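# Chains, contacts and geometry: an overview
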Amino acid sequence: MIAHCGQRTTIEMKFIVDNNVGKLAKWLRMMGYDAQFFEGSADSQMIATALAESRVILTRDTQIMRRRVVTSSQLKAILIQSDEPEQQMRQVIDTLKLDCQFQPFSICLECNQPLVERSQERVKDLVPPYVFQTRNQYMECPACHRIYWRGTHWQAMARNLEKFIKDSTQENTV
Ligand SMILES: [Zn+2]
């Protein structure tokens, strides 16, 4: 269904997501990309972090695009065009040729920490009984201790992602 997407380059890429396009952080994490949400207000702070940690900046702020570090290509930044999160995500995927199946289910959607695999036994008292009985693959966030399993919520998000990536690749082949 998303074969087209699988042929894309699978380069490890890290992001810093400006607060004016904050929704992108969760989508990128879902695909398995390290996407830090920038909560500060000073552009210079975001740029410093991006440079120090080799992160691509995603923003709607045209000022950032005029910075010398960006115009000289020392730092990669993408100016997001649309107001609409799905369009924004398409732009990022298409511009960077991201692999939507990069490492799904590997990063905490809330705090951007790499998830750690947990045995079924270990999460027994941490997940609802019906989940424990029906799922055997669990991941835990070492920071917030949220337990993830491949359940309905994850599937719904994965389906959405799949849907608009599919739409996007269809547009490109026309
Ligand atoms: Zn977490």
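To start, this report covers the structure provided alongside it. Only a predicted model underlies this, so the values are computations on that prediction, with no experimental measurement involved.

## Considerations on the overall build of the protein
For the protein, the helix and strand inventory stands at eight helices and seven strands. Counting over 174 residues, the protein shows a buried share of 44%. Sequence-distant contacts, at least 24 apart, represent 55% of the contacts inside the protein between residues at least 6 apart. Working note: accessible area of the protein is about 9,700 Å², and carbon and sulfur atoms make up 47% of it.

## Description of the sheet that holds strand β5 (residues 116-118)
Read across the sheet, three strands follow the order β5-β6-β7 without closing on themselves; strand pairing throughout is antiparallel. Only two strands of the sheet have a single neighbouring strand rather than two, namely β5 and β7 (147-149). Each strand of the sheet is rotated relative to its neighbour by a mean of 40°, with strand direction disregarded. Summarising the sheet, β5 and strand β6 (residues 138-140) pair through three bridges and their orientation is antiparallel. Paired with valine 116 across the bridge in β6 is glutamate 140.

## Thoughts on helix α6 (residues 85-96)
Given a rise of 1.5 Å per residue, 12 residues ought to cover 16 Å, and the 17 Å separating the end C-alpha atoms of α6 matches this to within 8%. Residues of α6 that are buried: Gln88, Met89, Arg90, Gln91, Val92, Ile93 and Leu96.

## Some points on the side chain of asparagine 112
Tracing the sequence through the fold places asparagine 112 in the loop between α6 and β5. According to the relative accessible area criterion, asparagine 112 is buried, its value standing at 12%. Polar side-chain contacts of asparagine 112 include one of 2.9 Å to the backbone nitrogen of alanine 35. When neighbours within four sequence positions are excluded, asparagine 112 is seen to be in contact with Arg29, Tyr33, Asp34, Ala35, Gln36 and Ile107.

## So, the packing of aromatic side chains
This structure, assessed with the given rule, holds one aromatic pair. Ring plane angle 85° and centroid distance 5.9 Å describe the contact between phenylalanine 15 and tyrosine 33, whose orientation is recorded as edge-to-face. Of the two residues, phenylalanine 15 is situated in strand β1 (residues 14-17) and tyrosine 33 in the loop between α2 (23-31) and β2 (35-37); the sequence distance between them amounts to 18 residues. The residues phenylalanine 15 and tyrosine 33 share a single accessibility class, namely buried.

## Here's the deal with the pairing of β1
Across a regular strand the side chains alternate sides, sitting on one face of the sheet and then on the other. In this structure, β1 lies alongside strand β3 (residues 55-59), joined through four bridges in parallel fashion. Its bridge partner lying in β3, phenylalanine 15 is registered against valine 56. In this region the chain leaves β1, passes through α2 and returns to the parallel neighbour β2; the handedness of that crossover is right-handed.

## Side note on the coordination of the zinc ion
Four donors placed tetrahedrally around a metal ideally meet at 109.5 degrees, and six donors placed octahedrally ideally meet at 90 or 180 degrees. Coordination of the zinc ion by the protein is provided by Cys108 (SG), Cys111 (SG), Cys141 (SG) and Cys144 (SG), with metal-donor distances spanning 2.1 to 2.3 Å. Around the zinc ion, the four donor atoms sit at angles spanning 103 to 120°, and that spread fits a shape best called tetrahedral. Going along the chain, you hit the donors of the zinc ion in the pattern C-x2-C-x29-C-x2-C.

## Quick word on the pattern of salt bridges
Scanning all chains against the criterion turns up five salt bridges. The closest approach of N and O atoms between aspartate 34 and arginine 55, which form a salt bridge, is 2.7 Å. One end of the pair, aspartate 34, is in the loop between α2 and β2; the other, arginine 55, is in strand β3, and 21 residues separate them in sequence. Judged by relative accessible area, arginine 55 falls into the buried class, the value being 7%. One connected set of salt bridges, linked through shared partners, spans Asp34, Glu53 and Arg55.

So, how was this worked out
- Residues numbered from 1 in each chain as written.
- Predicted model: local features only at pLDDT ≥ 70, side-chain atom pairs only at ≥ 80, totals over all residues.
- Heavy atoms only, no water.
- Helix = DSSP H or I, 4+ residues; strand = E, 2+ residues; numbered from the N terminus.
- Buried < 20%, exposed > 50% of the residue type's maximum accessible area, 1.4 Å probe, protein only.
- Contact = heavy atoms within 4.5 Å.
- Areas by Shrake-Rupley, 256 points an atom, 1.4 Å probe, with all protein chains shown as cover.
- Pairing = 2+ DSSP bridges.
- Axes fitted to C-alpha atoms, helices over the stretch in contact; angles between N-to-C directions.
- Expected span 1.5 Å × (residues − 1).
- Polar contact = N/O pair within 3.5 Å; in protein donor to acceptor, adjacent residues only side chain to side chain.
- Phe/Tyr/Trp six-rings, centres within 6.5 Å; stacked < 30°, edge-to-face > 60°.
- Right-handed = clockwise from strand over helix to strand, strands pointing away.
- Donors = N, O, S within 2.8 Å, 3.2 Å for Na, K, Ca; no water.
- Tetrahedral: all angles 85-135°; square planar, octahedral: opposite > 155°, others 65-115°.
- Salt bridge = Lys/Arg side-chain N within 4 Å of Asp/Glu carboxyl O.

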